[in-house]
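Residue-level structure breakdown
For reference, the chains in residue letters:
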Amino acid sequence: MTVAQVATDVAAGRTFDYEVPPGLEAAAVPGAMVRVPFGARVLDGLVLGVSDATAWPKPLRKVIGAAPGEPPLTPPLVELAKWMSRYYLAPIELCLRSMLPPVVRDGVEKDAFARALVVRAAPGADARAAEATERQREILARLAGGEELLAGFCRAWRVSPQTIRTMQARGLVEVEEKVRRRDPLAGRRIARSAPPPLTAEQETALAAAVAAIDEAAAPGGPPPRPVLLRGVTASGKTEVYLRAMAEVLARGGGAIVLVPEISLTPQTIRRFVARFGSVVAVVHSRLGAGERHDEWHRIRSGEARVVVGPRSALFAPVRKLGLVVVDEEHEPSYKQDETPRYNARDVAVMRGRLERCAVLLGSATPSLESWHNAKTGKYALAEMAHRAVDMEMPRVTVVDMREEALRNEGRMPVFSEPLVRAVRRRLADGEQTMLLLNRRGFAPTVACEDCGHVETCGDCSVGMTLHAADSVLRCHVCGAWRPVPSRCPECGSANLRRGGVGTQRVEDVARRLFPGARIARMDLDVTTRKRSHEEILSDFRAGRTDILVGTQMIAKGLDFPNVTLAGVLAADSGLAMPDFRAAERTFQLLAQMAGRAGRGAKPGDVVIQTLSPGHPAVVHAATEDFAGFAERELEERRQLAYPPFSHLDCVTFRGEDRAAAEAYAARFAAAIGREGDWRLGSPVPAAIEKAKGLWRFQVALRGPRPALLNSRIAAALAACPPPRGVSVAVDIDAVGAL
Ligand code: ADP
Ligand code: ZN
Ligand code: ZN
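Residues numbered from 1 in each chain as written. Chains lettered and ligands numbered in written order. Predicted model: local features only at pLDDT ≥ 70, side-chain atom pairs only at ≥ 80, totals over all residues. Heavy atoms only, no water.

A few words on helix α15 (residues 417–429). Here α15 contains 13 residues, and its C-alpha end-to-end distance of 19 Å stays within 8% of the 18 Å for a straight helix at 1.5 Å per residue. If you check which residues of α15 are buried, you get Leu419, Val420, Ala422, Val423 and Arg426. Seen from one end, α15 has its buried residues packed into an arc of 165°, which puts them on one side. Turned more than 90 degrees from where α15 packs its buried face, Arg421 and Ala428 sit exposed. Glycine 430 sits one or two residues past α15 and shows a positive phi near 70°. (Helix = DSSP H or I, 4+ residues; strand = E, 2+ residues; numbered from the N terminus. Expected span 1.5 Å × (residues − 1). Buried < 20%, exposed > 50% of the residue type's maximum accessible area, 1.4 Å probe, protein only. Arc of directions from axis to C-beta.)

Next up, the structure:
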């Protein structure tokens, strides 16, 4: 008897055994989608494994049918899903779900391709043209270039459907229904680019990547070692990716490039398409369902062999996968913040191991985890210390804002003197400036001067941010808004003070300081409304904007040759975050921002405004000294046994009832126990204690062995399951918390 282990959407973290009838044995293979009876219902499910026996004591129910065509998941992807489920303590059906785009999940049986009628000249139409009318001959002439979409053709040349039917009946044209690809890049003309000769540093880096590709291709060898490529900003990492991908394509394989969603700009996409043309498939969240569906099928069929996309693109079913590139591998956005809470960079390394493909991690500021892995030999390391073309690294000036405040009668200016001077020089010389402030809105707090009342969101324990443009207060956690009050709701005083600075305020002040300058702002507020990301950037690129103000959105990966000044308005804004990676994040942001300046022929300047000019993150970023920063920070982490010297998991308990959530957090911690090869933190309120109406408590667990931590957490949850009204979120290798 053949037995299939099937996971359905209602599987609740497990699989069920079904008998595979003889007629379905060829179709019900691992990765295939099948229909199975479940209670009184019939469900779709994915086959995770096939065996010849079952432990189930009763007669098995039978698989009813299987979706035609190739299984949606390949066997290595099925193995990867199982690993994710174990490692991240996530139900298997949710891991499988995150691997398939929704339209594919629903459309494996249902045919979701788009079809359209095409018209072309019939073979031998020329011979019959003598008997045709003049109008018919004219139509045939217009079809001489090849087949056309029927609807568009009739519209463009004012041809009636009746005319086409008549011509069809006379054997002059043929009409056929065809699958029509919904192409996300349709209408964009992207010229093919030839690869430039590599620099010596690029050659060395490429050699390391090719060595890994060779290693992965050698059957039976040890698992291929991932390669960490650390290259300063503009050192030409992307060119190394492109060459390594070309190498894999030349060997008949395929490649995946992961980029953070935020840097998946048309500019990035263009670089890959320009090199490889139509074998590139693009996947991202702004695609329509139809485009996603078609791109996925192009990948599954082997027509597309290069996939560029964010986190979820890691699961693309690329044939003969030879290489996975993770660009900006340190980016926290590779971590998914809902179940399964996976880190695409780490899952990429596991996919490389399971599927024997090379993994190339690139960054100017690698995560300390990857850096540590490279330093200890777990990963291979390639370094590029110079910019690719003859460009100097930017000059960095650190401005002590405490001194600026003293010179300004004790008030903190938004722009320091050196920054104002630097911007003015750019305006005079026709060069461009980027200004970063990692806080959107106008003023982060609105407080009463008389009673101290601070406007907060009722559902979240955070202050409301003033957005001056539409005079509302907004909660940045849940998005709620309300009009700005004219009087304090507590004491009725009219002395409401706006505290702190957001990007809107920076834009405002810049307009006053630099009259006549063309200023644009890019942050979440702008890009969700008014103008798109793409429009703002293309205006900036074309030189229609002098100064671009933005949040971290503008710090990542953008390449504008005429930008010669990058200003960071408050370098310390992230240092106070309750996150052991606060210094690392600040260093990364400063170094990335510095990398935006001076990418063209003219050298760049960077001005960093800070209240803590002596902080290691600021000092080392100012000299682009990643190694120095890493050494110092790693020593601190070692002493405190924080990652990468341990694994850190975070379990969050949420509930409408504050006391119930807190009490359960304490019971969970007690169930974990303090005796063992781990360190248990006391239950604490989350950094944002209340969000969207739910109170949140957290317990952190650290230890050297992730498997042990996982089994402790699983055992504790099993021993004392959460009460009604309290939900639990397990975050393995947590990012951005505690
Ligand atoms: P990174 O990804 O490291 O930030 P990029 O790949 O974007 O760097 O390269 C920075 C700039 O240098 C780009 O404009 C790119 O076209 C150019 N570049 C990269 N490699 C070369 C090379 N070998 N020869 C000439 N120009 C190069
Ligand atoms: Zn008041
Ligand atoms: Zn809120």
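Let us now look at the domain arrangement of the chain. Here the chain is partitioned into domain 1 (2–105), domain 2 (115–179), domain 3 (200–384), domain 4 (395–443 + 500–636) and domain 5 (647–731). The centre of domain 3, based on its C-alpha atoms, is set 29 Å off from the matching centre of domain 4. With 20 residues of domain 3 in contact, the opposing surface of domain 4 contributes 25 residues. For the pair domain 3 and domain 4, the summed buried surface comes to about 2000 Å²; carbon and sulfur atoms form 59% of the total. Three residues, Ile262, Gln267 and Leu368, lead the burial of domain 3 against domain 4; their summed loss comes to 30% of the area buried on that side. Here domain 3 is connected to domain 4 by one salt bridge. Among the salt bridges present, the one from arginine 581 reaches glutamate 369, with a minimum N-O distance of 2.8 Å. Taken together, the connections running from domain 3 to domain 4 amount to six residue pairs in polar contact (both at pLDDT 80 or more). When contributions to the side of domain 3 that touches domain 4 are tallied by element, the ones reaching two or more residues are α10 (266–276) and α13 (368–375). Here the side of domain 3 that touches domain 4 gets three residues from one element, more than from any other, and that element is α13. Residue composition of the side of domain 3 that touches domain 4, by class: nine nonpolar, seven polar and four charged. (Domains from an automatic or database assignment. Contact = heavy atoms within 4.5 Å. Buried area = accessible area lost by both parts, 1.4 Å probe. Salt bridge = Lys/Arg side-chain N within 4 Å of Asp/Glu carboxyl O. Polar contact = N/O pair within 3.5 Å; in protein donor to acceptor, adjacent residues only side chain to side chain. Nonpolar A, V, L, I, M, F, W, Y, C, P; charged D, E, K, R; others polar.)

Bound to the zinc ion (ligand 2) are the protein donor atoms Cys448 (SG), Cys451 (SG), Cys488 (SG) and Cys491 (SG), situated 2.3 to 2.4 Å from the metal. One can describe the donor arrangement at the zinc ion (ligand 2) as tetrahedral, given that its four donor atoms subtend angles of 104 to 112° at the metal. Overall, the relative accessible area of 4% leaves cysteine 488 in the buried class. (Donors = N, O, S within 2.8 Å, 3.2 Å for Na, K, Ca; no water. Tetrahedral: all angles 85-135°; square planar, octahedral: opposite > 155°, others 65-115°.)

Further remarks concern helix α19 (residues 582–594). Over its 13 residues, α19 runs 18 Å from end to end, which matches the ideal 18 Å to within 8%, given 1.5 Å per residue. When we look at burial in α19, the residues that qualify are Ala582, Ala583, Glu584, Thr586, Phe587, Gln588, Leu589, Leu590, Ala591, Gln592, Met593 and Ala594. Looking at the buried side of α19, the elements it contacts are α13, β17 (432–436), β25 (563–568), β26 (605–610), α20 (616–622) and α21 (626–640).

The next thing to look at is the packing of aromatic side chains. Under the definition given, this model contains 13 aromatic pairs. For the pair tryptophan 83 and tyrosine 88, a centre-to-centre distance of 5.9 Å together with 85° between the ring planes defines the contact as edge-to-face. When its relative accessible area of 14% is taken as the criterion, tryptophan 83 is described as buried. Ring centres 4.9 Å apart and planes at 90° place the aromatic pair tryptophan 371 and phenylalanine 626 in the edge-to-face group. Here phenylalanine 626 lies in helix α21 and tryptophan 371 lies in helix α13, a separation of 255 residues in the sequence. Relative accessible area serves as the criterion here: at 4%, tryptophan 371 is assigned to the buried category. Classification of phenylalanine 626 by relative accessible area gives buried; the value is 3%. Three or more aromatic residues joined by ring pairs form one cluster here, namely Trp371, Phe587, Phe626 and Phe629. Above the ring of tyrosine 642, the side-chain terminus of arginine 702 is found at 4.1 Å from the ring centroid. (Phe/Tyr/Trp six-rings, centres within 6.5 Å; stacked < 30°, edge-to-face > 60°. Lys NZ or Arg CZ within 6 Å of the ring centre and 35° of its normal.)

Let's shift gears to the packing of helix α1 (residues 75–87) against helix α12 (residues 344–355). At a minimum axis distance of 10 Å, the contact between α1 and α12 shows a crossing angle of 135°. Between α1 and α12, the angle falls in the class oblique. The way α1 lies across α12 gives a crossing that is right-handed. Across the interface between the two elements, Pro76, Leu77, Glu79, Leu80, Trp83 and Met84 from α1 touch Val347, Met350, Arg351, Leu354 and Glu355 from α12. By residue class, the composition of the contact of α1 with α12 is eight nonpolar, no polar and three charged. (Axes fitted to C-alpha atoms, helices over the stretch in contact; angles between N-to-C directions. Parallel < 35°, antiparallel > 145°, perpendicular 65-115°, else oblique. Left-handed = near helix turned anticlockwise from the far one by under 90°.)

Another point: the sheet that holds strand β16 (residues 395–400). Pairing is parallel in the open sheet, where six strands are placed in the order β16-β26-β25-β17-β24-β23. Of all the strands in the sheet, the pair left with one neighbour each is β16 and β23 (519–522). Neighbouring strand axes in the sheet, compared pairwise and without regard to direction, differ in orientation by 15° on average. The pairing of β23 with strand β24 (residues 547–550) spans four bridges and is classified as parallel. Each residue of the ladder has a partner; that of isoleucine 519, found in β24, is isoleucine 547. Across the sheet, helix α16 (residues 503–513) touches β23 and β24, and the angle it forms with β23 is around 175°. Packed onto the sheet, helix α18 (residues 533–541) meets β17, β23, β24 and β25 and runs at close to 145° relative to β23. (Pairing = 2+ DSSP bridges.)

A few words now on the site of ligand 1. Around ligand 1 lies a shell of 17 residues, among which Pro197, Gln202, Lys237, Thr238 and Arg271 are the nearest. A distance of 3.0 Å separates an oxygen atom of ligand 1 from a polar atom in the backbone of glycine 236. At a separation of 3.2 Å, an oxygen atom of ligand 1 approaches a polar side-chain atom of aspartate 559. Here ligand 1 has 560 Å² of accessible area as a free molecule, and 77% of this is covered by the chains. Looking at which element gives the most residues to the shell around ligand 1, the answer is helix α9 (residues 237–250), with three residues. Taken together, the residues that form the shell around ligand 1 break down as seven nonpolar, five polar and five charged. (Near = heavy atom within 4 Å. Areas by Shrake-Rupley, 256 points an atom, 1.4 Å probe, with all protein chains shown as cover.)

For the rest of this paragraph, the subject is the pattern of salt bridges. The full count for this structure, using the stated rule, is 42 salt bridges. The salt bridge partner of arginine 511 is glutamate 507, with a shortest N-O separation of 2.7 Å. Of the two residues, arginine 511 and glutamate 507 are both situated in helix α16; the distance of four residues between them amounts to about one turn of the helix. Here glutamate 507 falls in the buried class, since its relative accessible area comes to 16%. A single network of salt bridges, built from pairs that share partners, joins Arg395, Arg425, Arg426, Glu431, Lys602 and Asp605.

Before going further, it helps to examine the nonpolar core. Ranked by internal contacts, the top residues of the largest apolar core, which has 108 residues, are Met84, Val347, Met434, Leu548 and Phe668. Residues in contact with methionine 434, not counting those within four places in the same chain, are Phe540, Leu548, Ile554, Leu558, Phe560, Val563, Leu565, Ala566, Gly567, Met593 and Arg596. (Core = buried A, V, L, I, M, F, W, Y, C linked by side-chain atoms within 4.5 Å.)

The three strands are arranged β19-β20-β21 in an open sheet whose pairing can be described as antiparallel. Every other strand in the sheet has two partners, leaving β19 (465–467) and β21 (481–483) as the edge strands with one partner each. The mean inter-strand angle of the sheet, taken between neighbouring strand axes irrespective of direction, is 30°. The pairing of strand β20 (residues 472–474) with β21 spans three bridges and is antiparallel. Within the sheet, the bridge partner assigned to arginine 474 lies in β21 and is tryptophan 481.

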